[in-house]
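Architecture at a glance
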Amino acid sequence: MFRWSENYKTGIDTIDEQHKKLVDIGAKLEDMLYAGDSLDYYDYILETINELKDYADYHFSYEERKMRESDYPGLEEHRMEHLYFVKRIDKLAMQDIDSQQIGVISEALDFLARWLFSHILNSDMKYVDHLKGNAGK
Ligand SMILES: [Fe+2]
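Let me begin by describing the structure that accompanies this report. Quantities reported herein were computed from a predicted structural model and do not represent experimental measurements. (Residues numbered from 1 in each chain as written. Predicted model: local features only at pLDDT ≥ 70, side-chain atom pairs only at ≥ 80, totals over all residues.)

**Description of the overall build of the protein chain**
Worth spelling out the cut-off: Strands are runs of DSSP state E lasting at least two residues, helices are runs of H or I lasting at least four, and both sets are numbered from the N terminus onward. Put simply, a residue is buried when 20 or more other C-beta atoms lie within 10 Å of its own C-beta and exposed when 12 or fewer do; between those, it is partly exposed, and each C-beta is set from the backbone. Whether two residues are in contact depends on their C-beta atoms, placed from the backbone: they are in contact if these lie within 7 Å.
Across its full length, the protein chain carries 4 helices and 0 strands. In the protein chain, the order of α-helices and β-strands from amino to carboxyl end is α-α-α-α. Expressed as lengths along the three principal axes of its C-alpha atoms, the size of the protein chain is roughly 60 × 30 × 20 Å. Looking at the protein chain as a whole, 15% of its 137 residues qualify as buried. Looking at the protein chain alone, contacts between residues at least 24 apart form 74% of all its contacts between residues at least 6 apart.

In structure tokens, the structure reads:
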């Protein structure tokens, strides 16, 4: 199940809210995948993928701005991970969505689930550690 869990909490409220929103968008994809009907989801898939792109863009910019403000030394490396995500979703959106709707939805969901949760747990948490270290000085 593609759902938010307390384990993913960074403790930075704005970032946690933004992560939850990304999870909500992913949950829409999951709902489509498990609806099990033969409806045509083309418009909705396109809309959801675009929403994912736009929101990820907004969220990544926010995180990177915060990292810059706190002189986070891992910023460049972190930015590369965000960039990888953006490229991957762009590539997905360029596929022939109409003829392979289920394939596109499951690929998007699979990628999002693997990328987002491991990015939060590893990379975003490193930034949180950096902030905690600064606060202790
Ligand atoms: Fe991040």
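Next comes the rest of the write-up.
**A closer look at the nonpolar core**
Threshold: Each nonpolar core reported here comprises buried Ala, Val, Leu, Ile, Met, Phe, Trp, Tyr and Cys residues connected via C-beta atoms within 7 Å.
In this structure, Met32, Ile45, Ile49, Leu52, Ile89, Ile105 and Ala108 are the most contacted members of the largest nonpolar core, which totals 14 residues. Those elements that place two or more of their residues in this core are helix H1 (13–34), helix H2 (42–69), helix H3 (75–93) and helix H4 (101–135).

**Observations regarding H3**
Spelled out, the test is: An expected span of 1.5 Å times one less than the residue number is assigned to each helix. The directions considered for the arc run from the helix axis to the C-beta atoms.
Its 19 residues place the ends of H3 27 Å apart at the C-alpha level, agreeing with the 27 Å of an ideal helix rising 1.5 Å per residue. For H3, the complete set of buried residues consists of His78, Phe85 and Ile89. Relative to the axis of H3, the buried residues are bounded by an arc of 30° and lie together on one face. Facing away from the buried side of H3, by more than 90 degrees, are the exposed residues Glu76, Glu77, Met80, Leu83, Tyr84, Lys87, Asp90 and Lys91.

**Digging into the environment of phenylalanine 85**
Inspection of the secondary structure puts phenylalanine 85 in helix H3. For phenylalanine 85, a count of 20 C-beta atoms within 10 Å translates into the label buried. Counting along the chain gives 27 residues from phenylalanine 85 to leucine 112, while the straight-line C-alpha distance between them is 8.5 Å. Not counting residues up to four positions away in its chain, the partners in contact with phenylalanine 85 are Ala56 and Trp115.

**Topic: the packing of H3 against H4**
The following threshold applies: Axes here mean lines fitted to C-alpha atoms, for a helix over just the part in contact, with angles spanning 0 to 180 degrees between N-to-C directions. Our angle categories are set so that under 35 degrees counts as roughly parallel, over 145 as roughly antiparallel, 65 to 115 as roughly perpendicular, and the remainder as oblique. Classification convention: Asp, Glu, Lys, Arg as charged; Ala, Val, Leu, Ile, Met, Phe, Trp, Tyr, Cys, Pro as nonpolar; all other residues, Gly among them, as polar.
In contact at an axis separation of 11 Å, H3 and H4 are set at 175° when each is read in the N-to-C sense. Taken together, the axes of H3 and H4 are roughly antiparallel relative to one another. Contacts between H3 and H4 pair His78, Glu81, Phe85, Arg88 and Leu92 from the former with Val104, Glu107, Ala108, Phe111, Trp115, His119, Ser123 and Tyr127 from the latter. Residue classes in the contact of H3 with H4 are distributed as 7 nonpolar, 3 polar and 3 charged.

**Details of unusual backbone geometry**
A positive phi is found at aspartate 71, a non-glycine position, where the angle reads about 50°. You can call aspartate 71 exposed: it has 9 C-beta atoms within 10 Å.

**Topic: the packing of H2 against H3**
The N-to-C vectors of H2 and H3 enclose an angle of 170°; their axes lie 11 Å apart at closest approach. Taken together, the axes of H2 and H3 are roughly antiparallel relative to one another. In contact with Ile49, Leu52, Lys53, Ala56, Phe60, Glu64, Met67 and Arg68 of H2, H3 contributes Leu75, His78, Arg79, His82, Phe85, Val86, Ile89, Leu92 and Ala93.

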